[in-house]
Amino acid sequence: MSNTISKPENPYYSNTDTSKLNVSNAEWKKILSPDLYAVAREADTERAFTGTMWNDETKGTYYCATCGYKLFESNQKFTSSCGWPSFFEQENKESIVFKLDKSYGMIRTEALCGRCDSHLGHLFNDGPEPTGKRYCMNAISLDFVPNVDPKKSSTSLATITLGGGCYWCVEAVYDNLKGVQSVVSGYAGGRTKNPSYEEVCSGTTGHAEVVQITYDPTQTNTDEIFKVFFTVHDPTTLNRQGADVGTQYRSVIFYTNEKEKQEAKNVIAALQSAQVYDSPVVTTIEPLTQFYKAEEYHQDYYNNNKNQPYCKMVIQPKIEKFEKLFKKRLKNQN
Ligand SMILES: [Zn+2]
């Protein structure tokens, strides 16, 4: 298993893809955290000593936090007293590009990611030998992946993307399942790029409201995730969940490999043959081509809006059903 970072909410992020990106700031703003956006896209500088990396000597690789591009190895780092992570050499000559920066009445060399053009920090000529350079980086602009220790087996996380009607409901349920690391609400399975909630709701883009679940396979598995899925939504109503009607509310499992596809087929076949429901299961099994994270206010919607009528009437009963049936599998249960 390679040791890489997965950021389901950021479709441009890859530790292996080196092709140049051309993404607008408006798009990055939707994807990046406000702190990272301010540094990466507006060349803001974090306060010295605030990042955790400036004195860290763990062996590993540093990647661009915006796009995942490989920037430095830990053996190119040195401990500088300046309070920002400092390097004397970049990973390859394409990894970092430079621009003259005349802001704040100084003439400095700005360092940018060679793949996504995000601001990383500055380059100075007061570094150690052999290069004499000092790459002074914002820690927030960097992701660090420690080297895999072959003696320790590291757990890698897995993701699955499901549509079971309104994503507010589905997200709220999985958030509380043991082994689930994160649940992101979004859109998948449609034709348009970067759809908005309004576009998806119009039912014309082909997207379904989905959740992307990232889980630790040593603590839960697709079998359990599917069990929860078929408990908290009705897989027998075509393009509809309760009062929510339209293809955006279709019951769908998105697979990313043949194994997931087969598991999805098996669970549906099992439900059909056991006649769990009065009507046939209409859940579709579709390949995941692209996942788009939904607008920020849709994330964690139930927890932020518990008193809204929809949450009380529609989501809460689903959560109660889930909590009853999966009592021993809840996060806050020991
Ligand atoms: Zn980048």
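Within each chain, residue numbers correspond to sequence positions counted from 1 in written order. Whole-chain, interface and lining totals are the exception, using all residues; otherwise, since this is a predicted model, local features are given only for residues with pLDDT of at least 70 and side-chain atom pairs are given and counted only at 80 or more.

Trainee: Explain helix H2 (residues 34-42) to me, please; I cannot follow it from the model alone.
Mentor: The periodicity of an α-helix, 3.6 residues per turn, causes residues three or four positions apart to be oriented the same way. To sort residues by burial, count the other C-beta atoms lying within 10 Å of each one's C-beta; a count of 20 or more means buried, 12 or fewer means exposed, and anything in between means partly exposed. C-beta atoms are built from the backbone. Helix numbering and strand numbering both begin at the N terminus, where a helix is a DSSP run of H or I of at least 4 residues and a strand a DSSP run of E of at least 2. Looking at H2, one finds that the buried residues are Val39, Ala40 and Arg41. Taken down its axis, H2 places every buried residue within 165 degrees of arc, on the same side. In H2, the exposed positions angled more than 90 degrees off the buried face are occupied by Pro34, Asp35 and Glu42. For H2, the secondary structure elements touched by its buried residues are helix H1 (25-31) and strand S7 (119-124). Of the residues one or two after H2, Ala43 is the one with positive phi, at around 55 degrees. For this quantity, the arc is that covered by the directions from the helix axis to the C-beta atoms. Contact definition: two residues whose C-beta atoms, as placed from backbone geometry, lie within 7 Å.

Trainee: What is the right way to look at the domain arrangement of the protein in this model?
Mentor: How large an interface is tends to be reported as the accessible area lost when its parts come together. Along its sequence, the protein is carved into domain 1 (25-146) and domain 2 (158-322). Per the annotation, domain bounds derive from an automatic or database assignment of domains. A straight line from the C-alpha centre of domain 1 to that of domain 2 covers 38 Å.

Trainee: Is there a simple way to think about helix H6 (residues 258-273) in this case?
Mentor: Taking 1.5 Å of rise per residue, the 16 residues of H6 would be expected to cover 22 Å, and the 22 Å separating its terminal C-alpha atoms lies within 8% of that figure. Buried residues of H6: Glu260, Glu263, Ala264, Val267 and Ile268, and no others. In a view along the axis of H6, the buried residues occupy a sector of 130 degrees, so they form one face of it. Set apart from the buried face of H6 by more than 90 degrees, the exposed residues are Glu258, Lys259, Gln262, Ala269, Gln272 and Ser273. Check the buried side of H6 and you find it contacts strand S10 (158-164), helix H5 (222-232), strand S15 (251-255) and strand S16 (284-287). Two residues or fewer after H6 comes Gln275, characterised by a positive phi angle close to 50 degrees. Helix span, expected: 1.5 Å multiplied by one less than the number of residues in the helix.

Trainee: How should the pairing of strand S8 (residues 134-137) be read in this particular structure?
Mentor: Along any regular strand, the residues point their side chains to alternate faces of the sheet. Residues of S8 alternate between two faces, with Arg134 and Cys136 on one and Tyr135 and Met137 on the opposite face, all of them buried. Inspection of the sheet shows strand S4 (residues 86-87) paired to S8 by two bridges, in the antiparallel sense. Following the sheet pairing, Ser86 is matched in S8 by Cys136. Criterion used throughout: strands pair if DSSP finds at least two bridges between them. Pairing of S7 with S8, which is carried by four bridges, proceeds in the antiparallel orientation. Across the sheet, the residue bridging to Gly121 is Met137, located in S8.

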